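Observations on the model geometry
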Amino acid sequence: MRTDRPIGIFDSGLGGLTVLEAVSRRMPEEDLIYFGDTAHVPYGSKSKETVTRYSLEVARFLAAKGVKALVVACNTSSALALPEVARSLKVPVLGVIQPGADAAAAATRNGHVGIIGTEATIASGAYTRALRERRPGVRVTTAACPLFVPLVEEGWWSHRATTLVARRYLEGLRRSGIDTLVLGCTHYPLLKGVLRRIMGPRVRLIDSAEQTALETERLLLSLGLRRAGGRGRRRFFVSDAPRRFLRLARRLVGVRVRVVEQHAFD
Ligand code: DGL
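Residues numbered from 1 in each chain as written. Predicted model: local features only at pLDDT ≥ 70, side-chain atom pairs only at ≥ 80, totals over all residues. Heavy atoms only, no water.

Helices and strands together make up the secondary structure of the protein chain, namely eleven helices and ten strands. Taken over C-alpha atoms, the radius of gyration comes to 18 Å for the protein chain, in line with the 18 Å a tight globule of 266 residues would show. Across its three principal axes, the protein chain shows a C-alpha extent of roughly 50 × 40 × 35 Å. For the protein chain, the residues scored as buried account for 58% of the 266 residues in total. Considering only intrachain contacts with a sequence separation of at least 6, the fraction spanning at least 24 residues in the protein chain is 76%. Split by element, the accessible area of the protein chain, about 12100 Å² in all, is 49% carbon and sulfur. Treating the 42 positive side-chain charges of the protein chain as one cloud and the 24 negative ones as another, the clouds have centres 5 Å apart. (Helix = DSSP H or I, 4+ residues; strand = E, 2+ residues; numbered from the N terminus. Rg over C-alpha atoms; globule rule 2.2 N^0.38 Å. Buried < 20%, exposed > 50% of the residue type's maximum accessible area, 1.4 Å probe, protein only. Contact = heavy atoms within 4.5 Å. Areas by Shrake-Rupley, 256 points an atom, 1.4 Å probe, with all protein chains shown as cover. Lys, Arg positive; Asp, Glu negative; His and termini not counted. Charge placed at Lys NZ, Arg CZ, Asp CG, Glu CD.)

Let us look at the sheet that holds strand β10 (residues 260-262). One open sheet accounts for six strands, arranged β4-β3-β1-β2-β9-β10; its pairing is parallel. Taken across any chain shown, the strands that pair with only one partner, and hence form the sheet edges, are β4 (93-94) and β10. Looking at chain direction, strand β1 (residues 7-11) and strand β2 (residues 32-36) are connected through five bridges and run parallel. The residue of β2 that forms the bridge with D11 is G36. Relative to the sheet, helix α3 (residues 75-88) contacts β1, β3 (69-72) and β4, its axis offset from that of β3 by approximately 160°. (Pairing = 2+ DSSP bridges. Axes fitted to C-alpha atoms, helices over the stretch in contact; angles between N-to-C directions.)

What follows covers the sheet that holds strand β7 (residues 180-184). What the four strands build is an open sheet, ordered β6-β5-β7-β8; its pairing is parallel. Each edge of the open sheet carries a strand with a single partner, namely β6 (139-144) and β8 (204-206). Each strand axis lies, on average, 20° off the axis of its neighbour in the sheet, ignoring direction. Relative to the sheet, helix α4 (residues 97-107) contacts β5 (112-117), β7 and β8, its axis offset from that of β8 by approximately 160°.

Take the side chain of T212 next. Following the sequence through the fold, T212 ends up in helix α10 (residues 208-222). For T212, a relative accessible area of 0% puts it in the buried group. For T212, the side chain forms a polar contact with the main-chain oxygen of S208, separated by 2.7 Å. Not counting the four nearest positions on each side in its chain, T212 is found in contact with V19, V71, L94, G95, V96 and P99. (Polar contact = N/O pair within 3.5 Å; in protein donor to acceptor, adjacent residues only side chain to side chain.)

A separate point is the packing of helix α8 (residues 160-176) against helix α9 (residues 192-199). Any two packed helices are characterised by the angle at which their axes cross and by the distance between the axes. Packing of α8 against α9 brings their axes to within 10 Å, and their N-to-C directions diverge by 45°. Regarding the angle of α8 to α9, the classification is oblique. Classified by chirality, the crossing of α9 by α8 is right-handed. Across the interface between the two elements, T162, T163, A166, R167, L170, L173 and R174 from α8 touch V194, L195, I198 and M199 from α9. For the contact of α8 with α9, the per-class residue count stands at seven nonpolar, two polar and two charged. (Parallel < 35°, antiparallel > 145°, perpendicular 65-115°, else oblique. Left-handed = near helix turned anticlockwise from the far one by under 90°. Nonpolar A, V, L, I, M, F, W, Y, C, P; charged D, E, K, R; others polar.)

Summed over the entire model, instances satisfying the criterion amount to nine aromatic pairs. A centroid spacing of 5.8 Å and a plane angle of 35° characterise the contact between Y43 and Y54, whose relative ring orientation is tilted. Here Y43, found in the loop between β2 and α2 (48-64), pairs with Y54, found in helix α2; they are eleven residues apart in sequence, far enough to count as distant. Just as Y43 is buried, Y54 falls in that class too. (Phe/Tyr/Trp six-rings, centres within 6.5 Å; stacked < 30°, edge-to-face > 60°.)

Structure below.
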C-alpha cells in the first residue's frame, strides 16, 4: 500500500473533528478524509444493530476513497461496531475506546476510574472491559450523560443550565472517590471547564483524542505506512446538507472547513 493514501476519520457528526485536529497536529503531512454521518446523528441513543449498519456504510464509503487506515472517532460506534467495521475492511481500523482506556489505566493512582459517555456507550460496557484488560482489579464507576451532546451543539459550554445538568449527572461520580474520569464521547472535551470545576482538581480528565492520534501514528509507523513529507490536505464529507456542519465546525471546534461534500446513503 502506498504511504500517500489518506487516513479516514469517521464520526456520527462533527464531534470527531477534535480527533481530526489531534491527528493533524501530530501528523501534518498526512492527507485526511473526514466523514460526519450527520443524517443519522445521534448514534448515542440507537441500538447496536442500527449503529453497526450506519458505521459499515461509512466505513465502506471511506474504503472506496482509498484510505490506508480508518479511525473510528465516534465513541458509540467504537463501543458497538468496531469488530464488524474492522472485519469488513482490508485496511487497519482503530477506535477511540482502547486509547482512552490505556490513558486512564496509566493515569489512575488509586485504581478507581470514572467513565461518562452516551447511553449506548455506557450500556455496552466497552470502556469497562478495555480498562479491566489493561488493569485487572481496577474499579470503574460509569454515568450516561445524554443531554451533554445537545448542550454542546447549542454552544452552551459554560452555561448555567449545563452546570446544573452536569452536577446532576456527576453526583454519584463525585462521591465515588474516582481520581480519573474518561470523557467517553466526542463532544465532552468541549465541556472540560465545567467538568473540571465540578469534579475538582484531584480528578484527572482523560480526553482520548490525543492518545488516539498517538496510536494511529504508531500503527502507521509499524506498518511502514507513515507519509514522509509534504503538507497534508483535508477533505470533508457529510451525509446531510453541509450548512449546519460548516457553521458548527467553526463555532464549536474552531476547525476551518471551507468545502464540505455531501454523500447521502440510500
Ligand atoms: N459521536 C458520539 C460519541 O462519541 C456522540 C454523538 C452521538 O450520539 O452520535 O459517542
